[in-house]
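Structure at a glance
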Amino acid sequence: MTDRGFTRRSTLIGTAALVLRPSALIAADGPVITVHKDPSCGCCSGWVQHLQGAGFVAKVLETRDIDAVKARLGVPDDLAACHTAEISGYIVEGHVPAAALKRLLAEKPKAAGLAVPGMPVGSPGMEGGSPEPYDVVLFGPDGRRTYARFLGDRVL
């Protein structure tokens with residue numbers, strides 16, 4: 001009697017599983033950040049790469065009607081930037097550094113989310129030129145406050 005328990009397919013799948021890095025397995029268990037962006041936006045793609053480099057798992061949804069996404073999620077007009085994301089029940093608007101996101105997820109403040117209004121030079125995804133200091137704003141039903149101040153991706 002021939003044992004057909006191991007097929008070529010199951011062997012390939014098993015081998016692939018052994019090759020995976022443990023860090024990839026750990027990252028897959030963390031929260032996924034869903035990024036809504038225009039398909040032609042390069043700085044948004046740069047921000048996604050910044051997040052991935054910091055260990056985040058990103059799911060990118062491309063849309064030409066990003067304003068509809070912002071309206072649906074309740075992003076205040078004066079905090080709007082070029083892309084909008086969602087993670088663990090929070091809204092993330094604009095070029096928010098991964099360090100601020102990690103802090104948000106660790107502290108879990110009562111808020112709608114974080115925003116970096118506009119497109120500050122030197123923020124993640126907007127590298128190049130002379131970086132300018134910028135604020136990461138925590139916003140929600142209880143108001144707004146500066147959550148962190150950055151120069152590039154470095155906390156000030």
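Just so it is clear, the structure is predicted and the values come from calculations on it, not from any experiment.

Rules used in this analysis
- Residues numbered from 1 in each chain as written.
- Predicted model: local features only at pLDDT ≥ 70, side-chain atom pairs only at ≥ 80, totals over all residues.
- Heavy atoms only, no water.
- Helix = DSSP H or I, 4+ residues; strand = E, 2+ residues; numbered from the N terminus.
- Buried < 20%, exposed > 50% of the residue type's maximum accessible area, 1.4 Å probe, protein only.
- Contact = heavy atoms within 4.5 Å.
- Areas by Shrake-Rupley, 256 points an atom, 1.4 Å probe, with all protein chains shown as cover.
- Arc of directions from axis to C-beta.
- Pairing = 2+ DSSP bridges.
- Axes fitted to C-alpha atoms, helices over the stretch in contact; angles between N-to-C directions.
- pLDDT = per-residue confidence, 0-100.
- Phe/Tyr/Trp six-rings, centres within 6.5 Å; stacked < 30°, edge-to-face > 60°.

Side note on the overall build of the protein chain
Secondary structure assignment for the protein chain yields 5 helices and 8 strands. Helices and strands in the protein chain line up, N terminus first, as α-α-β-α-β-α-β-β-α-β-β-β-β. Scored against the burial criterion, the 156 residues of the protein chain give a buried share of 39%. A separation of at least 24 residues holds for 52% of the contacts in the protein chain among residues at least 6 apart in sequence. As displayed, the protein chain offers around 9000 Å² of accessible surface, 56% of which is attributable to carbon and sulfur atoms.

Some points on helix α5 (residues 98-107)
Of the positions making up α5, those classed as buried are A98, A100, L101, L104 and L105. The buried residues of α5 occupy an angular sector of 160° when projected down its axis, which confines them to one face.

A short note on the side chain of T34
Tracing the sequence through the fold places T34 in strand β1 (residues 32-37). By relative accessible area, which is 16% here, T34 ends up buried. Not counting chain neighbours up to four residues away, the residues in contact with T34 comprise K59, L61, T84, A85 and E86.

Observations concerning the sheet that holds strand β6 (residues 133-140)
Strands sit in the order β2-β1-β3-β4-β5-β6-β7-β8 across an open sheet of 8 strands; the sheet is mixed. Each of the sheet's edge strands pairs with one partner strand only, and the pair in question is β2 (57-62) and β8 (154-155). Sheet analysis places β1 next to β2, joined by 6 bridges and oriented parallel. Across the sheet, the residue bridging to V35 is V60, located in β2. The strands touched by helix α4 (residues 66-73) within the sheet are β1, β3 (84-87) and β4 (90-94), with β3 carrying the most contacts at an inclination of about 40°. Its contacts with the sheet put α5 on β1, β3, β4, β5 (113-116), β6 and β7 (143-151), and the angle it makes with β7 is roughly 135°.

Description of the pairing of β3
As paired elements, β1 and β3 share 3 bridges and run antiparallel to each other. Paired with T34 across the strands is E86, a residue of β3. Bridge count for β3 against β4 is 4 bridges, and the pairing is antiparallel. Along β4, the bridge assignment pairs A85 with V92. Hairpin connection, β3 to β4: the antiparallel pair is bridged by 2 residues, and S88 has positive phi, about 50°.

With respect to the confidence of the model for the protein chain
Confidence along the protein chain averages 85 in pLDDT terms, with 81% of residues attaining 70 or more. Below pLDDT 50 for its whole length, residues 1-27 participates in 5 contacts with residues either more than four positions away or in separate chains.

Description of the packing of aromatic side chains
Under the counting rule described, the total for this entry stands at 1 aromatic pair. Plain terms: the ring middles of Y134 and F150 are 6.0 Å apart, the flat faces sit at 15° to each other, and that makes the pair stacked. Here the residue Y134 occupies a position in strand β6, and F150 occupies one in strand β7, the gap between them amounting to 16 residues. On the basis of relative accessibility, which here comes to 4%, the residue Y134 falls in the buried class.

What to know about the environment of D77
Along the polypeptide, D77 turns up in the loop between α4 and β3. For the pair D77 and D67, spaced 10 residues apart in sequence, the C-alpha separation works out to 9.6 Å.

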